[in-house]
Amino acid sequence: SIMYNKASYNLFLVDFIRWLTFQACAYRGHDESPGSSNQGNFLHLVRFLASYSKEVNAVVLENAPRNAKYTSHTVQLEILTLLSSRVKEKIRDEIGTSKFCIMVDEAQDESKKEQMALVLRFPSTEGFIQERFLDVIHVTDTTALTLKKAICKVLSDNNLNVQDIRGQGYDGASNMRGEWNGLKALILNDCPYAYYVHCMAHQLQLALVAASREVHDVHNFFQNANFIINVVSASTKRNNELLANKAAETAREIELGELDTGKGQNQIGTLQRPGDTRWSSHFKSIQSLQKMFGATVEVLRSIANDRAASKYSRGDAVGALKIIMSFDFVFILHLMEKIMKITDVLCQTLQKKSLDILNALDLVSTTKVLLGKLREDGWDPLLQEVQSFCLKHEIDIPDLNSR
């Protein structure tokens, strides 16, 4: 059998830390005292291994030398810092003498501290585009000068030269892309070849949100859809009822032969709320509402007729039911699903690390062509689909010829 000595134990601890970090698990427990029922992931992982080996158990935790337990927060942080340094060295070796681009974004963490994430984009020796997350840095504020100093320090600490920057990728905030005092301008002062590109996926998102708000019916549709989702998902009881209704509906359609069966098909999801920060969330929200339409209507009817529910809940349910059972709502639901199915492909593709500017422009042109084709030839198929959907869910279809 293998004899576990102090050196072997140290290697185990490093492996434990690597594993927990890779899985994004917390190390520490709320109560790590000997009598605690849950001492946290790190100590439990050590005890788990020790429970399978007398040799390991003989040198860990309580049985380890007093000055060599290596379970304190300080020691774990030192090991993490060393691992981080090795990763950064590996990234630096990958870059070699290549030029590189920087991509930067900043946001507040849970403790309300401003954090800046820095990603490097560069070609490998084989010519493939690589993206590597290099560091996340706490900054005192998000002014352009503060961000620029932080970026230069990180690059310098990793033996990278600002003069080798050949591109900058940020969002469109004024502190990032400002013509005179923005981060873009400050970097360009040091390196005139560091051309700035406003994140194209972000541009697409802003354009889609702005365009949808300009069309009042579409803007109201998203407002109403969000209201319906909030009413149905307001409690665990309602959400469980929604899932049960959908399961029953799916079983009934399979029995009638209206649905195909197979691995990965007919999985039951739930309603998803849209958010402007991620335009793809609008598409997912529309898809979920379309898929769960019948179950959603049943839940709203149940709430509206539930005398045990508050009058406000019943009133909201009646209002939501009136909206969702209207032809106009169903029509825009299907229209936006078709439009966003096209734009979502572009949105997802623009975020791929292997994409270059030429292919991105080609994809934009292709998307415009598909939208134009939908405008020219998509009316009749759309109307047939909406009418079929309305008949299935017993929604009144107005006389369109009289409009």
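Up top is the structure these notes are about.
Please read all numbers here as calculations on a predicted model, not as lab measurements.

Procedures and definitions
- Residues numbered from 1 in each chain as written.
- Predicted model: local features only at pLDDT ≥ 70, side-chain atom pairs only at ≥ 80, totals over all residues.
- Heavy atoms only, no water.
- Helix = DSSP H or I, 4+ residues; strand = E, 2+ residues; numbered from the N terminus.
- Expected span 1.5 Å × (residues − 1).
- Buried < 20%, exposed > 50% of the residue type's maximum accessible area, 1.4 Å probe, protein only.
- Core = buried A, V, L, I, M, F, W, Y, C linked by side-chain atoms within 4.5 Å.
- Contact = heavy atoms within 4.5 Å.
- Arc of directions from axis to C-beta.
- Phe/Tyr/Trp six-rings, centres within 6.5 Å; stacked < 30°, edge-to-face > 60°.

Let's talk about helix α12 (residues 293-304)
End to end, α12 covers 17 Å across 12 residues, agreeing with the expected 16 Å (1.5 Å per residue, within 8%). Most of α12 sits out of view: nine of its 12 residues are buried. Buried residues of α12: Phe 293, Gly 294, Ala 295, Thr 296, Val 297, Val 299, Leu 300, Ile 303 and Ala 304, and no others.

Digging into the nonpolar core
Core analysis: the largest hydrophobic core is formed by 38 residues, its most contacted members being Phe 293, Leu 300 and Ile 324. For this core, the secondary-structure elements that each account for two or more residues are α9 (216-232), α11 (279-291), α12, α13 (311-324), α14 (327-349) and α16 (379-392). If you tally residues by element for this core, the top one is α14, at eight residues. Dropping the residues within four chain positions of it, Leu 300 is found in contact with Ile 228, Val 231, Val 232, Ala 317, Ala 320, Leu 321 and Ile 324. Residues Phe 100, Ile 102, Tyr 170 and Met 176 belong to the second largest nonpolar core, which totals 30 residues.

Let's talk about α16
For α16, spanning 14 residues, the distance from its first C-alpha to its last is 20 Å, which sits close to the expected 20 Å at 1.5 Å a residue. When α16 is considered as a whole, its buried residues turn out to be Leu 382, Leu 383, Val 386, Phe 389 and Cys 390. Summarising the axial view, the buried residues of α16 lie within an arc of 130°, below the 170-degree limit, and thus occupy one face. Across α16 from its buried face, at more than 90 degrees, point the exposed residues Asp 380, Gln 384 and Leu 391. After α16 finishes, the residue Glu 394 shows a positive phi value of roughly 60°.

Brief notes about the packing of aromatic side chains
Aromatic ring pairs are reported here in terms of the distance separating the ring centres and the angle at which the planes meet. Counted by the stated rule, this structure contains eight aromatic pairs. When the centroid spacing of 6.5 Å and the interplanar angle of 80° are considered together, the rings of Phe 16 and Phe 42 count as edge-to-face. One end of the pair, Phe 16, is in helix α1 (residues 6-22); the other, Phe 42, is in helix α2 (residues 41-50), with 26 residues separating them in the sequence. Grouping residues by exposure puts Phe 16 and Phe 42 together as buried.

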